[in-house]
Amino acid sequence: DLHALGFVFVALLLSSLAEVPKPDYATPPTDEDSLKRLMTDIFDKDMEEFKDYCEAEEIWSSVVNVLNENEGAGWDVLSKMCFARDSVRDNLKSERIL
């Protein structure tokens, strides 16, 4: 589903575009479970706080730059993907069709 794909996509971006300075550099966890915990439990689904977290890691500067393009459209896409289940639930509660 879109929700799971969102976390896989975030993990892929953070791991593949990371600019690791040396082979033994300890990178923050980028597995889907860790990212889901960060984004939902720690940052309470606030993508701006997750963005700040990513900006604080120098190795992810290229990822942040890509996601910041077009007025932060990448962050919007990630938010919609990672929290798609919430959107569906909200739409069902309000009886809106997607």
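Not measured: the values here are computed from a predicted model. (Residues numbered from 1 in each chain as written. Predicted model: local features only at pLDDT ≥ 70, side-chain atom pairs only at ≥ 80, totals over all residues. Heavy atoms only, no water.)

A. Here's a closer look at the side chain of His3. Examined against the element boundaries, His3 turns out to sit in helix α1 (residues 2-16). Once residues lying within four places of it in the same chain are set aside, the contact partners of His3 are Lys36, Met81, Cys82, Ala84 and Arg85. (Helix = DSSP H or I, 4+ residues; strand = E, 2+ residues; numbered from the N terminus. Contact = heavy atoms within 4.5 Å.)

B. Up close: empty space enclosed by the protein. Summed over the entire model, instances satisfying the criterion amount to one cavity of 30 Å³ or more. Here the largest cavity defines a volume of roughly 30 Å³. Forming the walls of the largest cavity are Val10, Leu13, Leu14, Phe50, Cys54, Val63, Leu67, Trp75 and Leu78. Of all the secondary structure elements, the ones that give two or more residues to the lining of the largest cavity are α1, α3 (47-56) and α4 (61-82). The greatest single-element share of the lining of the largest cavity, amounting to four residues, is contributed by α4. Here the residues of the lining of the largest cavity are counted per class, giving nine nonpolar, no polar and no charged. (1 Å grid on protein atoms, 1.4 Å probe; cavity = no way out; pocket = protein on both sides within 12 Å on 5 of 7 lines; lining within 4 Å. Points joined across faces, edges and corners; volume = space filled by probe spheres on them. Nonpolar A, V, L, I, M, F, W, Y, C, P; charged D, E, K, R; others polar.)

C. View of the packing of aromatic side chains. Taken as a whole, this structure holds five aromatic pairs when the rule is applied. Taken together, the ring pairs connect Phe43, Phe50, Tyr53, Trp60 and Trp75 into an aromatic cluster. (Phe/Tyr/Trp six-rings, centres within 6.5 Å; stacked < 30°, edge-to-face > 60°.)

D. Spatial organisation of the nonpolar core. Grouped together as the largest cluster of nonpolar side chains are 22 residues, with contacts concentrated most on Leu14, Leu35, Phe50 and Trp75. Put simply, the parts of the chain that give this core at least two residues each are α1, α2 (32-42), α3 and α4. Considering each element in turn, this core owes the most residues, six residues, to α4. (Core = buried A, V, L, I, M, F, W, Y, C linked by side-chain atoms within 4.5 Å. Buried < 20%, exposed > 50% of the residue type's maximum accessible area, 1.4 Å probe, protein only.)

E. Just α2, in detail. Every buried residue of α2 is listed here: Leu35, Leu38, Met39 and Thr40. For α2, the buried positions fall inside an angular range of 165° around the axis, keeping them on one side. Exposed residues on α2 whose side chains face more than 90 degrees from its buried face are Asp33, Arg37 and Asp41. Within two residues after α2, Asp44 carries a phi angle of roughly 50°, on the positive side. (Arc of directions from axis to C-beta.)

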